[in-house]
Amino acid sequence: MEILMIVTAGIIISVSTYLLLTRSILRVVFGIVLLSHGVHLLILTMAGLMGGSPPLLTEDASSYTDPLPQALILTAIVISFGVTAFVLVLGYRTYKEHKTDDLDQLRGNGDE
Amino acid sequence: MNNIVVLLPVLIPFVAGVILIFFKNFSTIQRTISGLAAFILLFSSVFLTYHVYQDGILTLEAGNWSAPFGIIFVADLFAGLMTILSGIVGVACLFFAYKTIHKDREKFYFYPFYFFLLTGVNGAFLTGDIFNLFVFFEVMLISSYILIVMGGTKYQLRESFKYVVINIFASALFLIALAFLYSLTGTLNFAHLAQRIAEAEQTGVFNVVAILLLIVFAMKAALFPLYFWLPNSYYGPPTAIAAIFGGLLTKVGVYAIFRVFTLVFIHNIDFTHSVILFLAGATMFVGILGAVAKFDFRHILSYQIISHVGYMIMGLALFTPYAIAGAIFYIAHDMIVKTSLFLYAGVTQKITGTTDLTKMGGLLRTYPLLGWLFFISAIALAGIPPLSGFFGKFAMIVAGLDQGQYIIVFISLLVGLLTLYSMIRIFIYVFWGEPKIENDKDNPVKIMPLLLPIIPLAALTIAMGVFAEPIFSFSMEIAEQLLDPSQYIESVFKE
Amino acid sequence: MKTNYLMLHTITRIVTFIILSFSIYLFFAGHNSPGGGFIGGLMMASGLILLYLSFDLKTIKRVLPFDYSTLIATGLLIALLTGFNGLLFGDPFLTQYFDYFELPILGEVELTTALPFDLGVFIVVVAITLLIILTIAEDDS
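Here is what the cut-offs are and how they apply
Residues numbered from 1 in each chain as written. Chains lettered and ligands numbered in written order. Predicted model: local features only at pLDDT ≥ 70, side-chain atom pairs only at ≥ 80, totals over all residues. Heavy atoms only, no water. Contact = heavy atoms within 4.5 Å. Buried area = accessible area lost by both parts, 1.4 Å probe. Nonpolar A, V, L, I, M, F, W, Y, C, P; charged D, E, K, R; others polar. pLDDT = per-residue confidence, 0-100. Helix = DSSP H or I, 4+ residues; strand = E, 2+ residues; numbered from the N terminus. UniProt positions renumbered as here; feature names shortened; annotations may be inferred. Salt bridge = Lys/Arg side-chain N within 4 Å of Asp/Glu carboxyl O. Axes fitted to C-alpha atoms, helices over the stretch in contact; angles between N-to-C directions. Parallel < 35°, antiparallel > 145°, perpendicular 65-115°, else oblique. Buried < 20%, exposed > 50% of the residue type's maximum accessible area, 1.4 Å probe, protein only. Pairing = 2+ DSSP bridges. Polar contact = N/O pair within 3.5 Å; in protein donor to acceptor, adjacent residues only side chain to side chain. Expected span 1.5 Å × (residues − 1). Bend = angle between axes of the 7 residues up to and from the residue. Phe/Tyr/Trp six-rings, centres within 6.5 Å; stacked < 30°, edge-to-face > 60°. Lys NZ or Arg CZ within 6 Å of the ring centre and 35° of its normal. Core = buried A, V, L, I, M, F, W, Y, C linked by side-chain atoms within 4.5 Å.

Quick word on the interface of chain A and chain C
Logical step 1: Taken together, the contact between chain A and chain C spans 7 residues of the former and 7 residues of the latter.
Logical step 2: Between chain A and chain C, the buried area comes to about 650 Å², and carbon and sulfur atoms account for 77% of it.
Logical step 3: Of the residues belonging to the side of chain A that touches chain C, the class tally is 6 nonpolar, no polar and 1 charged.

Digging into the confidence of the model for chain A
Logical step 1: Predicted confidence across chain A gives a mean pLDDT of 83, with 85% of residues reaching 70 or more.
Logical step 2: The least confident element of chain A is helix α3 (residues 67-98) of chain A, whose mean pLDDT is 87; the most confident is helix α1 (residues 2-20) of chain A, at 92.

Some points on the environment of proline 69 of chain A
Logical step 1: Within the fold, proline 69 of chain A resides in helix α3.
Logical step 2: Spatially, the C-alpha atoms of proline 69 of chain A and histidine 40 of chain A are 9.1 Å apart, while their sequence positions differ by 29 residues.
Logical step 3: Those residues within four positions of proline 69 of chain A in sequence are excluded, and the remaining contacts are Ile43 and Ala47 of chain A together with Tyr182 of chain B.

Observations concerning the UniProt feature "transmembrane region" (unreviewed entry) in chain C
Residue and element names in this part refer to chain C.
Logical step 1: Here the UniProt-annotated "transmembrane region" (unreviewed entry) positions come out as residues 12-30, 36-55, 67-89 and 119-137.
Logical step 2: Between the C-alpha atoms that bound residues 12-30 there is a distance of 26 Å. The span itself is 95% helix and 0% strand.
Logical step 3: Span residues 119-137 is 100% helix and 0% strand, its end C-alpha atoms 27 Å apart.

Concerning the pattern of salt bridges
Residue and element names in this part refer to chain B.
Logical step 1: What the rule picks out here adds up to 6 salt bridges over all chains.
Logical step 2: Its salt-bridge partner being lysine 162, residue glutamate 159 comes within 3.6 Å of it at the nearest N-O pair. With glutamate 159 and lysine 162 both in helix α7 (residues 154-185) and 3 residues apart, this pair spans about one turn of that helix.
Logical step 3: A cluster of three or more residues bridged by salt bridges with shared partners is formed by Arg158, Glu159 and Lys162.

Topic: unusual backbone geometry
Logical step 1: Backbone torsion omega between phenylalanine 224 of chain B and proline 225 of chain B reads -5°, so that peptide bond is classified as cis.
Logical step 2: Residue position: proline 225 of chain B is located in the loop between α9 (204-221) and α10 (230-233).
Logical step 3: A positive phi angle, close to 60°, is found at lysine 99 of chain A, a residue other than glycine.
Logical step 4: Along the chain, lysine 99 of chain A turns up in the segment after α3.
Logical step 5: Non-glycine residue phenylalanine 319 of chain B carries a positive phi angle of around 60°.

Describing the packing of helix α3 (residues 77-100) of chain B against helix α21 (residues 468-482) of chain B
Residue and element names in this part refer to chain B.
Logical step 1: Taken N-terminus to C-terminus, the directions of α3 and α21 make an angle of 130°; their axes are 8 Å apart at the nearest point. Classified by the angle their axes make, α3 and α21 are oblique. Every residue of α21 that contacts α3 at Leu77, Phe78 and Leu81 is listed here: Phe474, Glu477, Ile478, Gln481 and Leu482.
Logical step 2: In terms of residue class, the contact of α3 with α21 is made up of 6 nonpolar, 1 polar and 1 charged.

Things to note about the pairing of strand β1 (residues 58-61) of chain B
Residues and elements named next belong to chain B.
Logical step 1: Judged by which residues are buried, β1 turns out to be covered on both faces: Leu58 and Leu60 on one side and Thr59 and Glu61 on the other are all buried.
Logical step 2: In terms of strand pairing, β1 meets strand β2 (residues 72-75) through 4 bridges, oriented antiparallel. Bridge pairing links leucine 60 to phenylalanine 73 in β2.

Side note on the UniProt feature "transmembrane region" (unreviewed entry) in chain A
Residues and elements named next belong to chain A.
Logical step 1: Taken from the UniProt record, the annotation "transmembrane region" (unreviewed entry) applies to residues 6-21, 28-51 and 71-92.
Logical step 2: For residues 6-21, the helix share is 94%, the strand share is 0%, and the end-to-end C-alpha distance is 22 Å.
Logical step 3: Along residues 71-92, the helical share is 100% and the strand share 0%, with 32 Å between the first and last C-alpha atoms.

Side note on the environment of isoleucine 478 of chain B
Residue and element names in this part refer to chain B.
Logical step 1: Position of isoleucine 478 among the secondary structure elements: in helix α21.
Logical step 2: In this structure the C-alpha to C-alpha distance between isoleucine 478 and lysine 359, which are 119 residues apart in sequence, comes to 45 Å.
Logical step 3: Apart from residues lying up to four places away in sequence, isoleucine 478 is in contact with Leu77, Phe78, Leu81 and Ile328.

Some points on the interface of chain B and chain A
Logical step 1: Chain B puts 32 residues into the contact, and the matching count from chain A is 35 residues.
Logical step 2: Buried area between chain B and chain A, both sides added, is near 2900 Å², and the carbon and sulfur share of it is 80%.
Logical step 3: Of all residues in chain B, the largest losses of buried area upon contact with chain A belong to Arg158, Phe161 and Tyr182 of chain B, amounting jointly to 23% of the total for that side.
Logical step 4: Taken together, the connections running from chain B to chain A amount to 0 salt bridges.

Observations concerning the side chain of serine 69 of chain C
Logical step 1: Relative to the elements of secondary structure, serine 69 of chain C occurs in helix α4 (residues 68-88).
Logical step 2: One polar contact links serine 69 of chain C to aspartate 67 of chain C, side chain to side chain, over a distance of 3.2 Å.
Logical step 3: The contacts of serine 69 of chain C, once residues within four sequence positions are left out, are Ile21, Lys24 and Tyr109 of chain B.

A look at helix α2 (residues 27-55) of chain B
Residues and elements named next belong to chain B.
Logical step 1: Between the first and last C-alpha of α2 there are 41 Å, a value that for 29 residues agrees with the 42 Å anticipated at 1.5 Å per step.
Logical step 2: For α2, the set of buried residues is Gln30, Ser34, Gly35, Ala37, Ala38, Leu41, Leu42, Ser44, Ser45, Leu48, Thr49 and Val52.
Logical step 3: Immediately beyond the C-terminal end of α2, within one or two residues, lies glycine 56, with a positive phi of roughly 85°.

Some points on helix α1 (residues 6-29) of chain C
Residues and elements named next belong to chain C.
Logical step 1: Between its terminal C-alpha atoms α1 stretches 35 Å, which fits the 34 Å expected from 24 residues at 1.5 Å a residue.
Logical step 2: Of all the bends in α1, the largest measures some 30° and sits at threonine 12.
Logical step 3: By the burial criterion, the buried members of α1 are Thr12, Thr16, Ile19, Leu20, Ser23, Leu26, Phe27 and Ala29.
Logical step 4: For α1, the elements touching its buried residues are α2 (37-54) and α5 (114-138).

What to know about the packing of aromatic side chains
All names here are of chain B.
Logical step 1: Counting across every chain of the model gives 48 aromatic pairs over all chains.
Logical step 2: Summarising the aromatic geometry, the rings of tyrosine 163 and tryptophan 229 are spaced 5.5 Å apart at their centres and angled 55° between planes, so their arrangement reads as tilted. Taken together, the residues tyrosine 163 in helix α7 and tryptophan 229 in the loop between α9 and α10 connect sequence positions 66 residues apart. Pair check on accessibility: tyrosine 163 and tryptophan 229 agree, each one buried.
Logical step 3: On the numbers, 5.4 Å between centres and 40° between planes, the contact of phenylalanine 427 with phenylalanine 431 is tilted. Of the two residues, phenylalanine 427 and phenylalanine 431 are both situated in helix α18 (residues 406-431); the distance of 4 residues between them amounts to about one turn of the helix. Each of the two residues, phenylalanine 427 as well as phenylalanine 431, counts as buried.
Logical step 4: An aromatic cluster of at least three residues, connected via ring pairs, comprises Phe297, Tyr344, Trp372, Phe374, Phe375, Phe427, Phe431 and Trp432.
Logical step 5: The aromatic ring of phenylalanine 295 is capped on one face by arginine 425, whose charged end is 4.5 Å from the ring centroid.

Quick look at the nonpolar core
As a rule of thumb, nonpolar side chains are buried together in soluble globular proteins.
Logical step 1: Counting residues in each nonpolar core, the largest one holds 237 residues, and the members touching the most others are Ile130, Phe174, Leu213, Phe217, Phe265, Phe297 and Phe374 of chain B.
Logical step 2: The greatest single-element share of this core, amounting to 19 residues, is contributed by helix α14 (residues 321-352) of chain B.
Logical step 3: When sequence neighbours within four positions are dropped, the list of residues in contact with phenylalanine 297 of chain B reads Leu341, Tyr344, Ala345, Thr348, Thr355, Leu357, Met360, Phe374, Ile426 and Val430 of chain B.
Logical step 4: Counting residues in hydrophobic clusters, the runner-up holds 18 residues, among them Met44, Leu48, Leu51 and Tyr68 of chain C.

See the structure below:
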């Protein structure tokens, strides 16, 4: 199960890397979204998967899921939610102002 | 234990920011509240540092959850000093903003996000666990995203998009490093991490995590080779914003590097700190080359930021009390001087309407006070005694010679020389020669209100030079506290 | 082209109420079981967005005349002030207190000071989500 999850996280992160390196603003934004998902999956997996066990309720439980990574991921999700919304608007505004979403054309010249 | 004083530098700007949202259409009320809040913030961080100085490291366990489990805030001397500096920079830039920020930007929540930025910065200084460091980084970054695009000119939109994407990528790397760290040690509390890693066998995987964290913080602190985003993105926004970014934001990354590499990853110094030493030398040198090559006031200053981050990191990399004390002194000096230099750039831009050096000239005739104030800050940055820049640099160079690191000493001396060259070049181009702007003599721009926030900064620069002895012995105490992690750990776990 | 929205309108009228009441349930469930201010808030925001989608912006603006940025500030303030109540009893910031009360209709209920904190979060999430989406939607020019 861990192997599968890690491979999944790896695939997601590599896809997002590809998207981040493309020239279209919207694809870069998608890359950001995917990257955060891949990372959250990685945190969940790295902390150890205990399939089906609940978070710790009493001290004599035989197997339990560590609740901390879930709290971390929830925090990270909230943050990436806000950031994604912001980047979408920023990308949209950039597109409107510059009339292009090609990052190559948004490079600007070195002397400004 | 109830040490709310630890959290005050975080809570005050947060509350102020929230209250300011309500008054978005009332400029005067906004200014009154924000001015008051900034002074209270500065006062509270001085108060906190005084407390820490008297009673040793203070901690606050939020929600009464005890140390390794709950969220914890720790104020040691270093964190205290950094909150004071952020308070000083915060007040100065705020008062500069009153005179320069456009009315529309005030309506679009300039002041609330200014204070949220300070919340994030102070939170990053005071937090005692590495995940909260991430959270406060994000608070700071999201506010900085908004401040940096505020106004929405074409240039700003284009450059901030890159700034935002790079920082988001760095944050994702930060989370990956945290995931590794958590699976290795099972904790994210700084003190607990320090304990666990000290007990663990030093395998290569710790180095991987250390370098991953170093990359993340290097991106925020603009170290070589991850500095490329800084010069262009600091060029766009209004002066007050550029000044607070230049003064504060990279220093938060530097602070994080200091915290992690004096507390947690100190068991493989041969490897980690020589990487840092190399980065320090490269950052200094490449940064100053950029500054020498450019002909724009703000671009030069941006490259100077990069170059001087190298000095601070150099102090850490040498890893002796004397070198770290020098680095801390240097951070304090640099935050104050950098902020004031950016504000000078704003003033000259206000007078001449440009930041291009070749289009300015002869300002010394009409504005002598501005010229000489700039001269003080400029040579302070270059490290001419008896001004503040000299003493930090001197301590680090002596420590470097003691350690036999002649290459880095040579580079830092060379960079000092080039800094002097680039600052004097600004001085010559902007203040000497014939005035190039028409109607200059008859109708000088009223710059006294703009200089008001700068004069205290310049005075501080001089004071730091004149009273270098007590300030340096204070830095020495900070350095000894940093190099003795057991103090930090004991104060968190309370025996 | 004139489109007939009859299906959408009818379904929206029913479904919105289900979503809104479920979001309130989630909000109250949050203390010890799955749910909470953030999730409840997102749910409520999605219900309201369904309203905005099926009826036009102007109508809903008349029904819900809130200034969302002020709402965000209010929510933040509620959450923050709840954090301060620990100080009254000499405990650290954000300490939570709870007790069991006998209420007339509901029977025994656990009341915690985490609830107002969560209410703050709830308001912030609803307001922020709507603000983001409406800001993008209104920019039609």
